[in-house]
Amino acid sequence: MHGVYRRERIEGTVANGIIKNGSYFFSVFGVYADGVINCWHKKDLWQFEKELERGWVVTSVPVGESLSIFQLGDFVVQDAVWQYDTKSYYQHIKNVVKSINPEMENLYRTTQREIEKWEKYRVFFMADFTPFYVKQSFGYDTIDGDHCHIFCRKDGKLYLTMLSVYADGMFRIGVEEQFYTWEEIEKMFDEKILCVKPNENEWVHIPDLGQVLFSKAISSVSVKAKKASIVEMRKKVMQEPTAHDICIEAYHAYLEYPCAETKQELKTAYEAVPEIERCYLGDMDSRDGDYIRILYTDEKRMV
């Protein structure tokens with residue numbers, strides 16, 4: 001048999017969710033028109049129901065437990081009003097699919113043969129989403145982007161939402177249609193409209209999940225670090241050199257020609273990378289450990 005394959009674009013939307021993987025993690029699920037949901041793994045609607053039943057996807061966080069929000073921090077739940085239980089949340093996700101596929105036709109369903117095939121090869125799939133918007137011009141031209149989590153104040157309420165940035169340098173907050181420049185986003189940080197953590201006794205509204213009052217932050221990023229990370233994300237989607245790229249180049253240059261000059265260049269490049277991004281300079285195990293060894297210790301490299 002002659003092997004071939006094709007790639008297909010499936011559009012969708014997003015829904016907020018919680019993953020329980022030892023502890024609790026806030027996540028934005030990609031929900032697609034074919035019924036596929038990305039809950040850290042690619043799952044069809046029927047598999048997603050099983051993920052709820054086994055507790056991989058949950059609808060609440062117990063009081064006293066912490067909720068981890070990527071590149072914002074870990075926050076302890078003091079009180080909460082959760083919107084759904086397992087059954088009603090599943091129905092909510094089905095309704096989200098129906099909102100983009102009213103006929104509920106051509107839904108993808110994973111076969112047992114597929115499951116066995118990929119288990120055999122020890123492969124699992126993600127269905128990560130790419131934010132995009134349609135340009136107001138002839139044809140269906142779209143501009144892709146990236147996203148991160150952010151707290152945003154609107155109409156007297158604080159929301160945990162998504163901040164998207166696109167390849168033309170423009171930003172969008174949550175599901176709003178309005179676009180913003182970086183200068184406007186930076187001003188919103190200055191005016192505390194955008195922030196990295198709630199104030200004391202400030203309830204957080206999380207669409208698709210409910211309302212939460214956090215008692216304290218076990219850890220949280222600074223506004224400075226978050227802004228720097230957003231700037232880097234913007235450079236990446238605009239295909240401009242990022243501090244991460246420059247640091248990797250300086251690292252390789254030092255390894256090839258280790259001397260005081262290349263070490264200083266590496267130090268400058270490393271310290272230009274936002275703190276919350278430095279862990280991605282290496283792999284999942286090494287993180288930025290070798291950079292720290294070179295720059296701040298006298299340890300020799302183990303070969």
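See the structure above.
Now for a quick tour of the structure. (Residues numbered from 1 in each chain as written. Predicted model: local features only at pLDDT ≥ 70, side-chain atom pairs only at ≥ 80, totals over all residues. Heavy atoms only, no water.)

1. Considerations on the side chain of Asn38
Reasoning step 1: If you trace the backbone, Asn38 turns up in strand E3 (residues 37–38).
Reasoning step 2: Residue Asn38 is classed as buried on the basis of its relative accessible area of 5%.
Reasoning step 3: A polar contact of 2.8 Å, which involves the side chain of Asn38, links it to the backbone nitrogen of Ala127.
Reasoning step 4: Contacts of Asn38, omitting those with residues within four sequence positions, involve Phe29, Gly30, Met126, Ala127 and Asp128. (Helix = DSSP H or I, 4+ residues; strand = E, 2+ residues; numbered from the N terminus. Buried < 20%, exposed > 50% of the residue type's maximum accessible area, 1.4 Å probe, protein only. Polar contact = N/O pair within 3.5 Å; in protein donor to acceptor, adjacent residues only side chain to side chain. Contact = heavy atoms within 4.5 Å.)

2. Quick word on the packing of helix H1 (residues 45–54) against helix H2 (residues 86–100)
Reasoning step 1: Taken N-terminus to C-terminus, the directions of H1 and H2 make an angle of 155 degrees; their axes are 10 Å apart at the nearest point. With respect to each other, H1 and H2 are oriented roughly antiparallel. Between H1 and H2 lies a crossing whose hand is right-handed. Residues Leu45, Trp46, Phe48, Glu49 and Leu52 of H1 pack against Thr86, Tyr89, Tyr90, Ile93, Lys94 and Val97 of H2. (Axes fitted to C-alpha atoms, helices over the stretch in contact; angles between N-to-C directions. Parallel < 35°, antiparallel > 145°, perpendicular 65-115°, else oblique. Left-handed = near helix turned anticlockwise from the far one by under 90°.)

3. Thoughts on unusual backbone geometry
Reasoning step 1: The backbone of Asn106 sits at a positive phi, close to 55 degrees, despite the residue not being glycine.
Reasoning step 2: By secondary structure assignment, the location of Asn106 is in the loop between H2 and helix H3 (112–120).
Reasoning step 3: In this structure, Asn201 is a non-glycine residue whose phi angle is positive, near 65 degrees.
Reasoning step 4: Structurally, Asn201 is set in the loop between strand E12 (194–195) and strand E13 (203–206).
Reasoning step 5: Asn201 gets classed as exposed once you look at its relative accessible area, which sits at 56%.

4. Remarks on the side chain of Gln47
Reasoning step 1: Relative to the assigned elements, Gln47 resides in helix H1.
Reasoning step 2: With residues near it in sequence (within four places) discarded, Gln47 still touches Lys42, Thr110 and Ile115.

5. So, the pairing of E13
Reasoning step 1: Pairing analysis gives two bridges linking strand E10 (residues 157–166) to E13, with the strands arranged parallel. Residue pairing across strands places Tyr159 opposite His205, the latter belonging to E13.
Reasoning step 2: With four bridges joining them, E13 and strand E14 (residues 210–220) adopt antiparallel strand pairing. If you follow Trp203 over to E14, its bridge partner there is Leu213.
Reasoning step 3: Hairpin connection between E13 and E14: a loop of three residues separates the two successive antiparallel strands, and Asp208 in this loop has a positive phi of roughly 80 degrees. (Pairing = 2+ DSSP bridges.)

This is a description of form; function is not addressed.
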